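# Summary of structural features
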Amino acid sequence: MSGFIDYTVEKSDLMASEFIGMRVYNAEGDVDIAGKTMVAAEAEWDDIGEINDLVISQDGDVMAVIVGVGGFLGIGEKDVALTMDQIHVMREADSPQDIFLVVRSSSEALKAAPSFKRQMTRSKTEMGSSQKPMALVAPKVEREGYARSDRSGLTAEMLTDARVYGVNGEDVGEISSLLLDSNGAIDRAVIDVGGFLGIGEKPVAVSFDELTVLRKENGDEVQIFIESSKEALEALPAYEK
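All values derive from a computational prediction rather than experimental measurement.

According to the stated counting rule, one finds 9 salt bridges in the structure shown. Here Lys140 and Glu50 are joined by a salt bridge, their closest N and O atoms 2.8 Å apart. Placement of Lys140 in the loop between α4 (124-127) and β7 (146-148) and of Glu50 in strand β2 (residues 46-56) is noted, with a sequence separation of 90 residues between them. What makes Lys140 partly exposed here is its relative accessible area of 38%.

What follows deals with the pairing of β2. Each regular strand displays side chains that alternate between the two surfaces of the sheet. Here strand β1 (residues 23-27) runs beside β2; their pairing, made up of 4 bridges, is antiparallel. Looking across to β2, one finds that Tyr25 is bridged to Asp47. Two strands pair when backbone bridges link them, and β2 and strand β3 (residues 62-69) are joined in this way by 7 bridges, in the antiparallel orientation. Within the sheet, the bridge partner assigned to Val55 lies in β3 and is Ala64. Linking two consecutive strands that pair antiparallel, namely β2 and β3, is a turn of 5 residues; a positive phi of about 95 degrees is found at Gly60 within it.

The subject of this paragraph is unusual backbone geometry. In this model, Asp161 sits at a positive phi of 75 degrees, which is unusual for a non-glycine residue. Structurally, Asp161 is set in the loop between α5 (156-159) and β8 (163-165). For Asp161, a relative accessible area of 52% translates into the label exposed. At Asn218, a position not held by glycine, the phi torsion is positive, near 60 degrees. Here Asn218 falls in the exposed class, since its relative accessible area comes to 88%.

A few words now on the environment of Asn218. When you line up the elements, Asn218 lands in the loop between β12 (211-216) and β13 (222-226). Residues Asn218 and Tyr146, spaced 72 residues apart in sequence, show a C-alpha to C-alpha distance of 9.0 Å.

What follows is about the nonpolar core. If you look at the biggest cluster of nonpolar residues, it comprises 23 residues, and the most contacted ones within it are Leu159, Ile175, Phe208, Leu211, Val222, Ile224 and Ile226. When contributions to this core are tallied by element, the ones reaching two or more residues are α5, β9 (171-180), β10 (186-193), β11 (202-207), β12 and β13. It is β10 that contributes the most residues to this core, 4 residues altogether. In contact with Ile226, not counting residues within four places along its chain, are Leu136, Pro139, Val164, Tyr165, Gly166, Val167, Val172, Val206, Glu210, Leu211 and Leu233. Core analysis: the next-biggest nonpolar cluster, separate from the first, contains 17 residues, Met22, Val24, Ile48 and Val80 among them.

What follows concerns a nonpolar patch on the surface. Taken together, the side chains of Leu14, Ile56, Val62, Met84 and Val89 present a nonpolar region at the surface, about 350 Å² in accessible area. Inspection of the secondary structure puts Leu14 in the segment before α1 (16-19).

A word on the sheet that holds β12. Pairing is mixed across the open sheet formed by 7 strands, whose spatial order is β7-β12-β13-β8-β9-β10-β11. Each edge of the open sheet is held by one strand with a lone partner, namely β7 and β11. Each strand axis lies, on average, 40 degrees off the axis of its neighbour in the sheet, ignoring direction. Pairing analysis gives 3 bridges linking β8 to β9, with the strands arranged antiparallel.

Conventions we followed
Residues numbered from 1 in each chain as written. Predicted model: local features only at pLDDT ≥ 70, side-chain atom pairs only at ≥ 80, totals over all residues. Heavy atoms only, no water. Salt bridge = Lys/Arg side-chain N within 4 Å of Asp/Glu carboxyl O. Helix = DSSP H or I, 4+ residues; strand = E, 2+ residues; numbered from the N terminus. Buried < 20%, exposed > 50% of the residue type's maximum accessible area, 1.4 Å probe, protein only. Pairing = 2+ DSSP bridges. Core = buried A, V, L, I, M, F, W, Y, C linked by side-chain atoms within 4.5 Å. Contact = heavy atoms within 4.5 Å. Patch = residues over 30% accessible without salt bridge, like charges linked within 9 Å, V, L, I, M, F, W, Y side chains within 5 Å. Areas by Shrake-Rupley, 256 points an atom, 1.4 Å probe, with all protein chains shown as cover. Axes fitted to C-alpha atoms, helices over the stretch in contact; angles between N-to-C directions.

Written out as C-alpha cells, the structure reads:
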C-alpha cells in the first residue's frame, strides 16, 4: 500500500484530539486580543464553553467547529457552529505549546445563534447499508440536586423504566432493557420510543456512551439525556432480541 507520508508536526499545528475539549473565551466588542495571556483571558472575558466536535468534509476540510455554549448566558447549554476562521488560536509568548481559544461575539449573538443539530442517521444511499448510524456525543446537562454518574455507579434497577429526554428537554421514551458486553458491563440501552400507553412503541438500541445519566444526590433516582429528537430515534432500525 502506498501513499503514506513522513510528516513532522509543526509548532503551529493543532491536534484534533487536543483541540476538542478546549475552553473558548468570548471577547466582546473591538477589544485588542493580541498578546493576551490565559490569565488575562480568564480575568477579562467570559468562558463560554468548549469545543465539542468538528465537522469535516470528505475532502478533509474543517467545515464547522461545534462549540457547546451556555451557563453564563442563563440558558441551557446548546451546540453552535462556527467556522475555523472565527476562532482565534492564542499562544502564550513564553510557552507557545500552551494554547487558548478566543471568539469575537456578544452575549446577544450567542443567545440568538441557532442550535447545531447532529444528523442522527444517513440514508443507505449516502452511507451504504453496511455502515452503522452516526454516533452521538453525550450531552452536557446539569440539574440542581443531581450529579453525573458513570456506568459503574448504576444498576439495572435504577435505569430500567427511566424516562429519556432529548433536545430541548423533549421526552423521547423510556429505557426498557440494558445490553451488556462480554465483561458484564453496560454497553447499550434499549429505548422504547413513540406509542401511547405502551402500545405501538418502537425499541431502538443506542450506545451507553451516547447517554448522560444524572443521579440524584443521596438517592437512586436518575434522569437520562440524549442529544437526539424523538423523530430521529424513531428513524433508527428497530432492536430485535
